[in-house]
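# Summary of structural features
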Amino acid sequence: MRLEIRHLSKTFDGNRYVLQGIEFNDEVKTMALIGRSGCGKSTLLRILGGLIPASEGTADLGGDRAVDHETYRKKVGFVFQHGGLFSHLSARDNIMLPLVKVHGVAGEQARERTETLLERFGLTQEGDKKPAQLSGGQKQRIAIARAVAPKPGMLLLDEPTSSLDPEYTTEVLNMIRELKEENLSFIVATHEMGFALHACDKVAFLCEGRVLEYGNSEEVFRAPETTELQGFLSKLLEWRV
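Throughout what follows, the structure given in this document is the object of discussion. No experiment lies behind these values; they were computed from the predicted model shown.

## Brief notes about the overall build of the chain
Summing up its helical and strand segments, the chain has 9 helices and 10 strands in all. At 18 Å, the chain has a C-alpha radius of gyration in line with the 18 Å of a compact globule built from 241 residues. Based on the C-alpha atoms only, the size of the chain along its principal axes is roughly 55 × 45 × 35 Å. Within the chain, the proportion of its 241 residues that are buried is 48%. When contacts within the chain are restricted to residue pairs at least 6 apart in sequence, long-range pairs at least 24 apart make up 65% of them. When the accessible surface of the chain is totalled, it reaches about 11,900 Å², and 47% of it is carbon and sulfur.

Set out below in structure tokens:
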């Protein structure tokens with residue numbers, strides 16, 4: 001899906017820019033957004049998801065303007081950093097009710113789609129549990145299942161493993177990789193450099209609200225061009241086993 005960004009900026013207080021004049025135009029299949037905390041990854045994803053407006057500039061995804069409108073939001077799936085599940089609903093209803101209420105899927109069809117996803121991701125036994133009864137990994141997998149249930153054109157994931165233990169992190173990353181193998185397009189903000197390298201075709205490095213480097217993942221990681229990315233990667237790899 002083609003992503004076109006023109007002079008995109010975002011400020012929350014009128015003075016401090018979180019994103020500054022981003023320009024981008026490329027066909028995106030699987031892309032990782034990397035960079036230090038506070039560099040603008042989550043803000044960019046939320047703009048692309050139609051959840052917040054840009055202060056300046058525009059972003060088009062698949063030929064449609066990213067705006068806060070129901071029609072646009074239906075074409076993208078969004079996974080929040082901490083899942084964002086409805087605490088009063090079961091895992092099953094967290095997936096099924098949005099299909100019925102938001103996307104207008106008939107009840108029986110929504111139920112079949114939900115059960116298929118629960119089985120597909122090894123969550124059938126957790127279907128009747130509330131979020132408080134689920135592990136961190138299970139909650140994120142339910143959140144991803146909810147996001148892909150309506151078969152969106154693009155899945156956006158905002159640091160889906162940031163609060164998970166290593167075991168649960170692996171569960172979630174494996175799930176996303178399986179979705180890639182099923183030909184689902186996604187953009188993920190992540191601190192998991194191994195996943196960005198091996199599971200994402202492209203990578204964009206954000207620094208102080210700007211895209212400083214972008215390209216094929218292997219090339220960017222093998223030969224970072226800017227001192228900022230070189231320093232970022234060297235710190236991450238300092239304590240590598």
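So that's the structure; there's more coming.
## A look at unusual backbone geometry
Excluding glycine, residues mostly have negative phi values, and the peptide bonds linking residues are mostly trans. For Lys151, which is not glycine, the phi dihedral falls at a positive 60 degrees. Within the element layout of this structure, Lys151 appears in the loop between helix H5 (136-148) and strand S7 (154-158). Unlike most non-glycine residues, Glu208 shows phi in positive territory, near 50 degrees. By secondary structure assignment, the location of Glu208 is in the loop between strand S9 (202-207) and strand S10 (210-216). Glu208 sits in the exposed class, given a relative accessible area of 63%.

## Structural notes on the sheet that holds strand S4 (residues 56-61)
Here we have 4 strands laid out as an open sheet, ordered S2-S1-S4-S5, and antiparallel in their pairing. Looking at the sheet topology across the chains shown, the edges are occupied by strand S2 (17-27) and strand S5 (64-65). As paired strands, S4 and S5 are joined by 2 bridges and run antiparallel to one another. Following the sheet pairing, Leu61 is matched in S5 by Asp64.

## Some details on H5
Each turn of an α-helix holds 3.6 residues, which means side chains three or four residues apart point in the same direction. For H5, spanning 13 residues, the distance from its first C-alpha to its last is 19 Å, which sits close to the expected 18 Å at 1.5 Å a residue. Counting buried positions along H5 yields 11 of 13 residues, so the element is predominantly enclosed. Buried residues belonging to H5 abut strand S6 (76-79), helix H3 (91-101), helix H4 (107-120), S7 and helix H6 (166-181).

## Quick look at the packing of H3 against H4
It is the contact of H3 with H4, at a shortest axis distance of 9 Å, that shows an interaxial angle of 145 degrees. Of the two elements, H3 crosses H4, and the hand of that crossing is right-handed. Contacts between H3 and H4 involve Arg92, Ile95, Met96, Leu99 and Val100 on the former and, on the latter, Gly107, Ala110, Arg111, Arg113, Thr114, Glu115, Leu117 and Leu118. Across the contact of H3 with H4, the residue classes break down as 7 nonpolar, 2 polar and 4 charged.

## Considerations on the nonpolar core
Ile34, Ile144 and Leu155 are the most contacted members of the largest nonpolar core, which has 45 residues in total. Tallying contributions element by element places H5 first for this core, with 6 residues. For Leu155, the contacting residues outside a window of four places in its chain are Gly77, Phe78, Val79, Ile144, Ala147, Val148, Leu179, Leu184, Ser185, Phe186 and Ile187. Core analysis: the second largest hydrophobic core is formed by 26 residues, Leu8, Ile22, Tyr72 and Ala204 among them.

Cut-offs used in this document
Residues numbered from 1 in each chain as written. Predicted model: local features only at pLDDT ≥ 70, side-chain atom pairs only at ≥ 80, totals over all residues. Heavy atoms only, no water. Helix = DSSP H or I, 4+ residues; strand = E, 2+ residues; numbered from the N terminus. Rg over C-alpha atoms; globule rule 2.2 N^0.38 Å. Buried < 20%, exposed > 50% of the residue type's maximum accessible area, 1.4 Å probe, protein only. Contact = heavy atoms within 4.5 Å. Areas by Shrake-Rupley, 256 points an atom, 1.4 Å probe, with all protein chains shown as cover. Pairing = 2+ DSSP bridges. Expected span 1.5 Å × (residues − 1). Axes fitted to C-alpha atoms, helices over the stretch in contact; angles between N-to-C directions. Left-handed = near helix turned anticlockwise from the far one by under 90°. Nonpolar A, V, L, I, M, F, W, Y, C, P; charged D, E, K, R; others polar. Core = buried A, V, L, I, M, F, W, Y, C linked by side-chain atoms within 4.5 Å.

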